[in-house]
Amino acid sequence: MASTSKHGAGALPPRFQAWFARRGWQPRAHQLALLEQAAAGRSTLLIAPTGAGKTLAGFLPSLTALDAALRPAPGTRPRGIHTLYISPLKALAVDIARNLEAPIAGMALPIRVETRTGDTPYSRRDRQRRMPPEILITTPEQVALMLASPDAESFFGDLAVVIFDELHALAPSKRGDLLALGFSRLRALSPGLTALGLSATVADPDALRRWLAPQPNGLAELVIAAPTEAAAPVIGILDTAQHLPWAGHTTRHAIAEIHAAIQAHRMTLVFVNTRMQAELLFQLLWAENEAGLRIALHHGSLDVGQRRKVEAAMAAGGLDAIVCTSTLDLGIDWGDVDLVVNVGAPKGASRLLQRIGRANHRLDEPSQALLVPSNRFEVLECRAAVDAAYAGAQDAVVSRTGALDVLTQHILGMAVASPFSEDELYAEVASAEAYAGLAREDFDACLAFVATGGYALKSYERYAKIKQTPDGLWRVANPRIAQSYRMNVGTIVEAATLKVRLGRARRSAASSVIGGRLIGEIEEAFVEGMTPGDTFAFAGEVLRYEALVEDSVMVTRTHDPDPKVPSYAGGKFPLSTHLAARVRAMLADPASWRHLPDQVRDWLVLQQRLSVLPGQRELLVESFPRGGRHYLVTYPFEGRLAHQTLGMLLTRRLERARLRPLGFVANDYAMAVWTLGDPARRIAEEPGFLDGLFGQDMLGDDLEAWLDESALMKRTFRSCAIISGLIERRFPGREKRARQVTMSTDLVYDVLRRHEPGHVLLKAARADAASGLLDIRRLSDMLSRIRGRIVHKGLVRPSPLSVPVLLEIGREPVHGEARDALLEEAAGDLLREAMGDDSVADGLIAGGSA
Amino acid sequence: MLGGHRLVADQAGALWWPERRLLAVADLHLEKASHYARHGQMLPPYDSIATLERLAGVVRRRDPLTLVLLGDSFHDHGGAERLDAAARDRLARLGAGRELIWLAGNHDAALPDSLPGERTQTLDLAGLHLRHQPDGDQRPAEIIGHFHPVARVATTQGALRRRCFLHDGMRLILPAFGSLTGGLNVRDVAIAALSHGRERIAFVLGNARVFPIREARLLPDRVR
């Protein structure tokens, strides 16, 4: 690790020293340390909190090097790009380019900075290709596109520095995989390339250091910004005077207290975890807002124009508060925020720190933060997060195994660029950390998939997309393939959404709405649950659903005091492993409860008296009868996704044990399953029954069998099919309807699963499901942790700890695969009047005859 | 009842006419995957065999004297030539010992002679009129394919989208039988307009049985 103390400002050229001095700034130690590493050509990871001058640190090496290189003989252009800066967000790229203007203009550096995003017009991209700027600021998708061009070699041949911003957020995702693969190509095009990664604080930086260096053995240098420059944040947890709810996420009880906190500060960012919570909280705050505070709303479903307006108002100091989601976690510098309120559970220590860091970019004052738990379990989680924040503890960035569907996209892109040798490409791909463990046979399967679909039993040889030339190189079969690659590049597969247009109500006439200003987008699934006349909260207003016109939901303003609230798919984070461990430790240690609010402490004491509290490494399973059914409730604290998977698998096992399970619900902390049979009796009569029930082998055959049938798997497969190009996102000239894509990938999945279960895309989808929607890694870790440590408590009534999850019943969909039962319910009356005879399995066509 | 005959919607998506021992299926769209592959989307080349195996399953259960393919049996005009030996063999066995009748569809107007069975444009039997597409509006007791009807059913836990038969008292539309054939919502104007406001019932294919569902419970698709 590089020390950050020994570097004087002497490492900076005089022109730069003078510029710093003119602004009354001191170059920070980590800026100089990074400069020294980069000047020596060593790839480096910089870890620094928000507001520590990370961006400038990243650019300083390039600015000084370019200044030295260009000044003697300016105008000896054009050559390739010198520095590539990759940002996860389009908006951030533009923002950074603007911020970079200050030092470049201030020092009169002969350096051209340009951006390239999906919005950059073709003419400017073309100019950039002919006359490359010294510094190009762009996004991962654009890197893939530029690399898949025949001029990639000359464009990137002189590349000296590549900077990855927000690497901690980007690396552990499919976008990160795509970027890692592009990076491996950049290294091949420009062997002397220096890579700089900028990251927020993470627990285990080595995964990111490996990401930045060629594998198998590469490890980038590490520079850590000294944390002492900023005063430690002051983080409080709201100790509400109101009744603290058992369950739910509305935080309705604390609205007056949040409003008071906003009023007591200059400018407040109110973070919530989902867009649904953002809409609801915004409504509630306005209802409370007799003081007329200027409060705005910001989340990812709102129209971009509206979001920009809010950002501008905030920057100009024209607002008192913004209610926002993780859209404001990253990036843009706000200036005058002096309070960050986090409503609901923070879910991870790192996310909390990043959000708190949004307050007060002047490092001399401490950031102020207030956590507002929305229910009792969240109090525990908030407490754990605050302890973690003060201890400087962070969630780890888990290194991931690169996705195969992303690899197939990359392989096609490389063929589009220029003919390649498969051995060389394999070596290049395996130099990326995420693909270092890639088996050659998996690579070959991906290559075969790109060429002909990779089907074992039958081949599309004659339609191959890439073909081997006599000298063994792979090239694209025709220019149409290249065109289609460019249209389908990227790893972001959107959920089907509808535009929301606000119109004016019209009394008469056939169409009930006229006009229609675009105010945002909403998930299709939410609209499906509504009929015209229903009301809902969106974009900070209460709207009435009028009609569906093509791809738009037409709405009008209304004043319904009790609107439905959209439930958005995005934005639910699982509880981090690190925080979960802290919560378990807290439960097991009554001495630590003195920091908790009275209501929560009383609850835990009651649990201790009426049931038990599990030890830190134990798993508590409670059983009790209720309403003619038997309940099993367990508290793994592994997050909703892992609990849903557990519930699904336990249900299968209970079924086999003839306990006749009826359904289950899960939240972030617990899982409850109910049965007709009595599991408590079985546990008492059959030693080892419970251990068997929670045996790790549930992740074997049961999982495979269930997974292949599950709707989750179909959704996962859809995204793999689109990313890999099996299904095209869109054709030149016409967008494919999202609904059509969904249908056909489901059908493709069924055919493929039956006829070639070992196909590479099924493998990719299974891997995705395991790490993503099902969180199997966490479930597996948990099952091995609790082996032999299951504590069973038989009760006669629900325990205090079980109340929150039991309250989720009816609020959350009950899981199961009972599709036919649902259809039967819908058929209802018709089925009852239906025709007795031989129509058990079939529908007899009834109805009026002609 | 249609045209005075008792007809059964088989859960597999086929129409069974017990009195005549006649089985009808529509829109097999064989060789759809290879058609897409020619244009660069390498869909699994198992759709024809998957479709024919499912058809063989219904044929085994019902043992019809007559098997009617209601048109668009192939996805495109060259489809029949691309059919591989295994699928051809499957097809030959399906037609063995019974009458096999191919109605012409818009995707497969002309079929090669190498395929077994008879070919015709339309088939009129005992007052029932079988054809690929509707023939004017006023003909009673018509049985057609072509539209690939699917129903989106509102349930207490979100909407389910399933293939269905659609019956309006005058006309019966069969679901598409092909393994890779998508569907058109019965609320879509292209299908809805056929019924001129007559009450419609969808016979929705569940996993193990068929569910008759009134129009009021059927949702339109959302477009994007």
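One can find the structure itself at the top, above this paragraph.
Residues numbered from 1 in each chain as written. Chains lettered and ligands numbered in written order. Predicted model: local features only at pLDDT ≥ 70, side-chain atom pairs only at ≥ 80, totals over all residues. Heavy atoms only, no water.

Undergrad: Describe the nonpolar core, with residues and values.
TA: All names here are of chain A. Core analysis: the largest hydrophobic core is formed by 92 residues, its most contacted members being Phe156, Phe164, Leu407 and Phe717. Element by element, the count of residues in this core is highest for helix α16 (residues 404–417), at eight residues. Among residues more than four places away in sequence, those in contact with phenylalanine 156 are Leu84, Met146, Leu147, Leu186, Leu189 and Ser190. Counting residues in each nonpolar core, the second largest holds 44 residues, with Ala345, Ala369, Ala384 and Val633 among its members. (Core = buried A, V, L, I, M, F, W, Y, C linked by side-chain atoms within 4.5 Å. Buried < 20%, exposed > 50% of the residue type's maximum accessible area, 1.4 Å probe, protein only. Helix = DSSP H or I, 4+ residues; strand = E, 2+ residues; numbered from the N terminus. Contact = heavy atoms within 4.5 Å.)

Undergrad: Account for the pattern of salt bridges, naming residues and giving values.
TA: Residue and element names in this part refer to chain A. Inspection of the entire model under this criterion finds 42 salt bridges over all chains. Between aspartate 387 and arginine 383 there is a salt bridge, and its shortest N-O distance comes to 3.2 Å. Within this pair, aspartate 387 and its partner arginine 383 are both found in helix α15 (residues 376–390), separated by four residues, close to a single helical turn. A salt bridge links lysine 763 to aspartate 442, with the shortest nitrogen-to-oxygen separation between them at 2.7 Å. A residue pair is termed long-range when its members are at least 10 positions apart, and lysine 763 in helix α29 (residues 760–771) and aspartate 442 in helix α18 (residues 440–452) qualify at 321 residues. (Salt bridge = Lys/Arg side-chain N within 4 Å of Asp/Glu carboxyl O.)

Undergrad: Any chance you could break down unusual backbone geometry for me, citing the residues and the numbers?
TA: Negative phi values dominate among residues other than glycine, just as trans dominates among peptide bonds. Look at the link from glutamine 215 of chain A to proline 216 of chain A: it is a cis peptide, with omega at 20°. Along the chain, the position of proline 216 of chain A falls in the loop between α10 (206–211) and β7 (221–224). One non-glycine residue, alanine 108 of chain A, adopts positive backbone phi at about 50°. Position of alanine 108 of chain A relative to the elements: it lies in the loop between α4 (90–106) and β3 (113–116). We classify alanine 108 of chain A as exposed; its relative accessible area is 54%. Of note in the backbone geometry, histidine 196 of chain B takes a positive phi value of approximately 45° without being a glycine. When you line up the elements, histidine 196 of chain B lands in the loop between α5 (189–192) and β14 (201–205).

Undergrad: Run through the packing of aromatic side chains, naming residues and quoting values.
TA: Under the criterion given, the structure shown has 22 aromatic pairs over all chains. With a centroid separation of 6.0 Å and 40° between ring planes, the pair formed by tyrosine 460 of chain A and tyrosine 463 of chain A is classed as tilted. Summarising the burial analysis for this pair, tyrosine 460 of chain A and tyrosine 463 of chain A share the class buried. Considering the side-chain rings of tyrosine 631 of chain A and tryptophan 674 of chain A, the 5.9 Å spacing of their centres and the 35° angle between planes classify their relative orientation as tilted. Taken as a pair, tyrosine 631 of chain A in strand β22 (residues 629–634) and tryptophan 674 of chain A in strand β24 (residues 671–675) lie far apart in primary sequence, 43 residues in all. Of the two residues examined, tyrosine 631 of chain A and tryptophan 674 of chain A, each falls in the buried class. Ring-pair connections join several aromatic residues into one group, and the members of that group are Trp246, Phe377, Trp603, Phe637 and Tyr669 of chain A. For the cation-ring pair, arginine 187 of chain A lies above phenylalanine 183 of chain A, with the distance from its terminal atom to the ring centre recorded as 4.4 Å. The ring of phenylalanine 177 of chain B carries the charged tip of arginine 54 of chain B above its face, separated from the ring centre by 4.4 Å. (Phe/Tyr/Trp six-rings, centres within 6.5 Å; stacked < 30°, edge-to-face > 60°. Lys NZ or Arg CZ within 6 Å of the ring centre and 35° of its normal.)

Undergrad: Give me the sheet that holds β24 of chain A: which residues, what numbers.
TA: All names here are of chain A. Reading across the sheet, the five strands line up as β23-β24-β22-β21-β27 and stay open at both edges, with mixed pairing between neighbours. Edge positions in the open sheet fall to β23 (661–666) and β27 (790–794), since each of these has one partner strand only. Across the sheet, the mean angle from the axis of one strand to that of its neighbour is 20°, orientation sign disregarded. Bridging between strand β21 (residues 619–626) and β22 involves six bridges; their strand directions are antiparallel. Bridge assignment links glutamate 622 to a residue of β22, and that residue is valine 633. Lying on the sheet, helix α23 (residues 640–656) is in contact with β22, β23 and β24; it crosses β23 at an angle near 170°. (Pairing = 2+ DSSP bridges. Axes fitted to C-alpha atoms, helices over the stretch in contact; angles between N-to-C directions.)

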